[in-house]
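The primary structure of each chain is shown beneath.
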Amino acid sequence: MNIFDIMGPVMVGPSSSHTAGAARIGLMARRLLGEGTPKSAEITLYGSFAATGQGHGTDRALIAGLLGMKPDDERLSVSFEWASAAGMTFSFMRSKLSAEHPNTARLDVESKSGRKLSMTASSLGGGRIIVTEMNGLHINFTGDLPTLIVQNVDQPGHVGDVTGMLAQAEVNIATMHLYRNHPGGNAVMIIETDKSVPRDVIDKLSLTDGITRVIFIDGERNG
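Cut-offs applied
Residues numbered from 1 in each chain as written. Predicted model: local features only at pLDDT ≥ 70, side-chain atom pairs only at ≥ 80, totals over all residues. Heavy atoms only, no water. Salt bridge = Lys/Arg side-chain N within 4 Å of Asp/Glu carboxyl O. Helix = DSSP H or I, 4+ residues; strand = E, 2+ residues; numbered from the N terminus. Buried < 20%, exposed > 50% of the residue type's maximum accessible area, 1.4 Å probe, protein only. Core = buried A, V, L, I, M, F, W, Y, C linked by side-chain atoms within 4.5 Å. Contact = heavy atoms within 4.5 Å. Pairing = 2+ DSSP bridges. Axes fitted to C-alpha atoms, helices over the stretch in contact; angles between N-to-C directions. Arc of directions from axis to C-beta. Parallel < 35°, antiparallel > 145°, perpendicular 65-115°, else oblique. Left-handed = near helix turned anticlockwise from the far one by under 90°. Nonpolar A, V, L, I, M, F, W, Y, C, P; charged D, E, K, R; others polar.

(A) Structural view of the pattern of salt bridges. Enumeration according to the criterion identifies 8 salt bridges in this entry. The partner of Arg115 in a salt bridge is Glu35, with the nearest N and O atoms 3.6 Å apart. You can see Arg115 sitting in the loop between β3 (103-110) and β4 (116-125) and its partner Glu35 sitting in the loop between α2 (16-33) and β1 (40-46), a full 80 residues away along the chain. On the basis of relative accessibility, which here comes to 31%, the residue Arg115 falls in the partly exposed class. Linked through salt bridges whose partners overlap, the residues forming this network are Arg106, Asp108 and Glu133.

(B) Looking closely at the nonpolar core. With 40 residues, the main nonpolar core has Leu32, Leu66, Leu107, Met119, Ile139, Phe141 and Ile149 as its most contacted residues. No other element matches the 7 residues that α2 contributes to this core. Among residues more than four places away in sequence, those in contact with Leu107 are Ile25, Gly26, Ala29, Glu42, Ile43, Leu66, Leu117, Ser118 and Met119. Of all hydrophobic cores here, the second largest spans 14 residues; its members include Val150, Val162, Met165 and Ile211.

(C) Expanded view of the sheet that holds strand β8 (residues 173-180). Strand order in this open sheet of 4 strands is β8-β9-β7-β10, and the pairing throughout is antiparallel. Of all the strands in the sheet, the pair left with one neighbour each is β8 and β10 (211-217). Across the sheet, the mean angle from the axis of one strand to that of its neighbour is 15 degrees, orientation sign disregarded. Set on the sheet, helix α7 (residues 199-206) makes contact with β7 (147-153) and β10; between it and β10 the angle comes to about 160 degrees.

(D) Focus on helix α6 (residues 158-168). Taken as a whole, α6 has its buried residues at His158, Val162, Met165 and Leu166. The buried side chains of α6 occupy one side of the element, clustering within an arc of 100 degrees when seen end-on. Along α6, exposed side chains directed more than 90 degrees from the buried face belong to Ala167 and Gln168. Packing partners of the buried residues in α6 comprise β7, β8, β9 (186-193), α7 and β10.

(E) Fine view of the sheet that holds strand β6 (residues 137-141). Ordered in space as β2-β1-β3-β4-β5-β6, the 6 strands form an open sheet in which the pairing is mixed. Looking at the sheet topology across the chains shown, the edges are occupied by β2 (89-94) and β6. The sheet shows a mean angle of 20 degrees between the axes of neighbouring strands, taken without regard to direction. Where strand β5 (residues 128-134) meets β6, 3 bridges bridge the pair, whose relative direction is antiparallel. Bridge pairing in β6 places Val131 opposite Phe141.

(F) Spatial organisation of the packing of helix α4 (residues 58-66) against helix α5 (residues 79-86). α5 packs onto α4 with a crossing angle of 40 degrees between their chain directions and a minimal axis gap of 8 Å. With respect to α5, the element α4 is oriented oblique. α4 and α5 meet at a crossing whose hand is left-handed. Residue-level inspection shows Asp59, Arg60, Ile63 and Ala64 of α4 in contact with α5, the latter providing Ser79, Phe80 and Ala83. Class assignment for the residues of the contact of α4 with α5 results in 4 nonpolar, 1 polar and 2 charged.

Written as structure tokens, this is what we have:
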């Protein structure tokens, strides 16, 4: 058990699930988009996020995360003003549909270059989150450990390419999950590792035929 599981995260309140978790969801979307502050964000809130999130600052926390602010950033409560200054537009919808978890948000974001990302994630309490969907693919990862995300065409050999390069770099795999929308379609590997993946490995994977994008997220609780 990690100390954060007992004490909770260092954060701006009032709620570890509705505020700190929401900020981490926004920050995760920013990292997956990979191009800094988005140009625009359309956010759909579900369950408790939709019902009581505004009073707990969930909306402000999500925007703060998209701006790169962490849960303990004192600017969180005025994130809307910071977003306006950064030129980021945003909107919120509150859905009456149920989600797998009551504290769930879907973020549809677009970068200044036109790159788009859809991501659905839930806040599990204590500032912990889980990402359950990315660009239409159902996935599961928390970002607690160093995480390598490889998007690729669903073809033979890509798993071997990735695991082989990690082995050469002496990066041990903690967990690995494979997802695809249909045979021969879009696929993604979610690989949690025991340590950070070197930059040269990420660059080499990015140049491999059939691999469309590589994202590395250093773990929130690494070490």
